[in-house]
Amino acid sequence: DEETCTLTISGSGSIKSYSYDNRPWEDYIKKIETLVIEEGIEKIGEYAFYDCTSLEQVSFPDTLTTLYDFAFYDCKALKTITIPKNITEYHAVPFNSLKTVFYEGTLADWCNINFKDEGSNCFTCAEELYIDNVLLEGDLIFPSNVTTIKARAFANCNSITSVYIGDNIVDIGQ
């Protein structure tokens, strides 16, 4: 919608990967302020919204499971996002300008996300992570329902000062 500077994506499956200059919404990429991705979309491909410099707000569907490389890279106005709890894969640096990330799942859910490489975790770019509306900082004590901590789940997290791992943890990624 040109009047409200809103792009709405509907359908099912994936928003495909693009190079940074051949997206269907390319003529509007610098004007989009709000992005609404509707239920049914499961994956957001590489460079899909790269350099969308006016983007301030993104609404992700609960059906979203995967964010690919540089999907929202250089979206300089985007400072806060909410990641749905069904996300299972987070690829190389999907975001790079965030201040705050809200994750709708639990700590156990977060620990099971496949962060594909060193730069994929949101701590690479965000200062604050809220899991289940609790700021992740200070002492991190894993509840009994956490049995696995996947690789890079807390990479670059400077707000955690100490970690307590109980007997319930049976697998820790590298």
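See the structure shown above.
Keep in mind that this is a model prediction, so the values were computed, not measured.

**Digging into the sheet that holds strand 3 (residues 34-37)**
Stage number 1. The strand order across the open sheet formed by three strands is 1-3-5, and the pairing between neighbours is parallel. Here the strands that pair on one side only, and so sit at the sheet edges, are strand 1 (6-9) and strand 5 (57-59). The mean angle between the axes of side-by-side strands here comes to 10°, regardless of whether they run parallel or antiparallel.

**A word on the sheet that holds strand 10 (residues 114-115)**
Stage number 1. Read across the sheet, five strands follow the order 2-4-6-8-10 without closing on themselves; strand pairing throughout is parallel. The open sheet terminates on both sides in strands that have one partner only, identified here as strand 2 (13-15) and strand 10.

**Notes on the state of the cysteines**
Cysteine pairs can be covalently joined through their sulfur atoms, and such a bond is termed a disulfide.
Stage number 1. Tallied over the entire structure, the rule returns zero disulfides.
Stage number 2. Summary of cysteine pairing: Cys5 is not part of a disulfide, and the nearest cysteine sulfur, belonging to Cys52, is at 10 Å.
Stage number 3. Since its relative accessible area comes to 21%, Cys5 is described here as partly exposed.
Stage number 4. Left without a disulfide partner, Cys52 is nearest to the cysteine sulfur of Cys75, which lies 5.2 Å away.
Stage number 5. The class for Cys52 is buried, based on a relative accessible area of 0%.

Cut-offs applied
Residues numbered from 1 in each chain as written. Predicted model: local features only at pLDDT ≥ 70, side-chain atom pairs only at ≥ 80, totals over all residues. Heavy atoms only, no water. Pairing = 2+ DSSP bridges. Helix = DSSP H or I, 4+ residues; strand = E, 2+ residues; numbered from the N terminus. Axes fitted to C-alpha atoms, helices over the stretch in contact; angles between N-to-C directions. Disulfide = S-S within 2.5 Å. Buried < 20%, exposed > 50% of the residue type's maximum accessible area, 1.4 Å probe, protein only.

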